Amino acid sequence: MKKTLSQKLFILLVLLINTNLHAEDIWTRNFSDAADLNKGYWGANVDMEGVAEWSLDVTNCTLADDSDYVKVVETSGGRLEAVDCKGEAIWASKTIDISTYTNCAISVLAAETGTSTNENKYIKLFYKIDDGPELPFAVNGEN
């Protein structure tokens, strides 16, 4: 069956529209990569060798002994975890260039696991564009 020019253009239009409806992940991190496992800070120890996709700042966090840490643990296939961090630890992704994209959306999925009884815990989620101010996420930006 031979297709007419208008049928070919219609098919091309449908393909273009359908392609643009699907979101593309620009960057994602779930800590299951072997390069992330056991990376971080514990007590006076640090191992961030080979980590290029994210960073940790623990300058405002006291880790009194080796059982106190902020690091990626192997539990559940890899997750960022903090135990007895007195103060604020800051995790940051690498800088992500979105200049060639339009209609970008940003999201973070953070979940608490375990049986912690600490009532002084919180998570603050924000993003910055072009070194601008910290902008909290619209849903649960500070929780």
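Above this text is the structure in question.
One structure accompanies this document, and this report is about it. (Residues numbered from 1 in each chain as written. Predicted model: local features only at pLDDT ≥ 70, side-chain atom pairs only at ≥ 80, totals over all residues. Heavy atoms only, no water.)

It is worth spelling out the packing of aromatic side chains at this point. Throughout the structure, instances matching the rule amount to three aromatic pairs. Taking 5.6 Å as the distance between ring centres and 85° as the angle between the ring planes, the aromatic pair formed by Phe 31 and Trp 54 counts as edge-to-face. Taken together, the positions of Phe 31 in the loop between helix H1 (5-21) and strand E1 (40-42) and Trp 54 in strand E3 (residues 54-62) put the pair 23 residues apart, joining distant regions of the chain. Judged by relative accessible area, which is 4%, Trp 54 ranks as buried. (Phe/Tyr/Trp six-rings, centres within 6.5 Å; stacked < 30°, edge-to-face > 60°. Helix = DSSP H or I, 4+ residues; strand = E, 2+ residues; numbered from the N terminus. Buried < 20%, exposed > 50% of the residue type's maximum accessible area, 1.4 Å probe, protein only.)

The next thing to look at is the pattern of salt bridges. For the structure on display, the rule yields six salt bridges. In this structure, Arg 29 and Asp 36 form a salt bridge, with 2.8 Å as the shortest nitrogen-oxygen distance. With its nearest N and O atoms 3.6 Å apart, the salt bridge here joins Lys 94 to Glu 53. Linking Lys 94 in the loop between strand E6 (86-93) and strand E7 (126-127) with Glu 53 in the loop between strand E2 (45-47) and E3, this pair joins segments that are 41 residues apart in sequence. What emerges from the salt-bridge pattern is a single network uniting Arg 29, Asp 33 and Asp 36. (Salt bridge = Lys/Arg side-chain N within 4 Å of Asp/Glu carboxyl O.)

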